[in-house]
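Topology and contacts: notes
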Amino acid sequence: MTASCPPPSTSESSRRDEQARALCLRLLTARARTRAELAGQLAKRGYPDDVSNRVLDRLAAVGLVDDTDFAEQWVQSRRANTGKSRRALAAELHTKGVDDEVITAVLADIDGGAERARAEQLVRAKLRREVLGKDDAKVSRRLIGMLARRGYSQSVACEVVFAELAAERERRRV
């Protein structure tokens, strides 16, 4: 004789917990999310705070919701794919609801030299497609604007663009 499992509880509370959990799992299937993002989605759909907290605590306990891991992956991806600066990455993580301590810890590995090197890579890639000549001021403005939109400071953007423009002019002369 085989033992059968007891029937699932049909109480309203456990049903709401299960619906909230299913919603979170659907959202996490698409991409990783922060605890704050999931809490916002649950609140938007009318789940009470106690249900949200229980579900999110459980998901965190099993490792499906981890803001530190999310932040590390986010920074790695955004730096590699879009070339965002520390300042832009911090703003994005803050918008996603990541704690300031986590943001500081994750961005600690990015120093000024690494940030400048990434800005130089971005400018070099754009300069390869530019026609240099009498409109160098226009090219400079475009490149500085590109770096500014990625969160680089004006001083870093200007220094990098002017240095790379000079190097590109020299390279094309040879």
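The sections below set out a description of the structure shown in this document. Just so it is clear, the structure is predicted and the values come from calculations on it, not from any experiment.

**A short note on the side chain of Arg118**
- Structurally, the position occupied by Arg118 is in helix H7 (residues 112-127).
- Of the side chains with opposite charge, Glu115 lies nearest to the buried Arg118, which makes no salt bridge, at 10 Å.
- Beyond its immediate chain neighbours, meaning those up to four positions away, Arg118 contacts Arg79, Ala80, Thr82, Gly83 and Tyr152.

**Digging into the side chain of Asp136**
- Here Asp136 shows up in helix H8 (residues 136-149).
- You can call Asp136 buried: its relative accessible area is 15%.
- Those residues within four positions of Asp136 in sequence are excluded, and the remaining contacts are Leu165 and Arg169.

**Side note on the packing of helix H4 (residues 67-82) against H7**
- Contact pair H4 / H7: the axes reach a minimum separation of 10 Å and the direction vectors enclose 35°. Facing Arg79, Ala80 and Thr82 of H4, the residues of H7 in contact are Ala114, Glu115, Arg118 and Leu122.
- Grouping the amino acids of the contact of H4 with H7 by side-chain chemistry returns three nonpolar, one polar and three charged.

Definitions and limits used
Residues numbered from 1 in each chain as written. Predicted model: local features only at pLDDT ≥ 70, side-chain atom pairs only at ≥ 80, totals over all residues. Heavy atoms only, no water. Helix = DSSP H or I, 4+ residues; strand = E, 2+ residues; numbered from the N terminus. Buried < 20%, exposed > 50% of the residue type's maximum accessible area, 1.4 Å probe, protein only. Lys, Arg positive; Asp, Glu negative; His and termini not counted. Salt bridge = Lys/Arg side-chain N within 4 Å of Asp/Glu carboxyl O. Contact = heavy atoms within 4.5 Å. Axes fitted to C-alpha atoms, helices over the stretch in contact; angles between N-to-C directions. Nonpolar A, V, L, I, M, F, W, Y, C, P; charged D, E, K, R; others polar.

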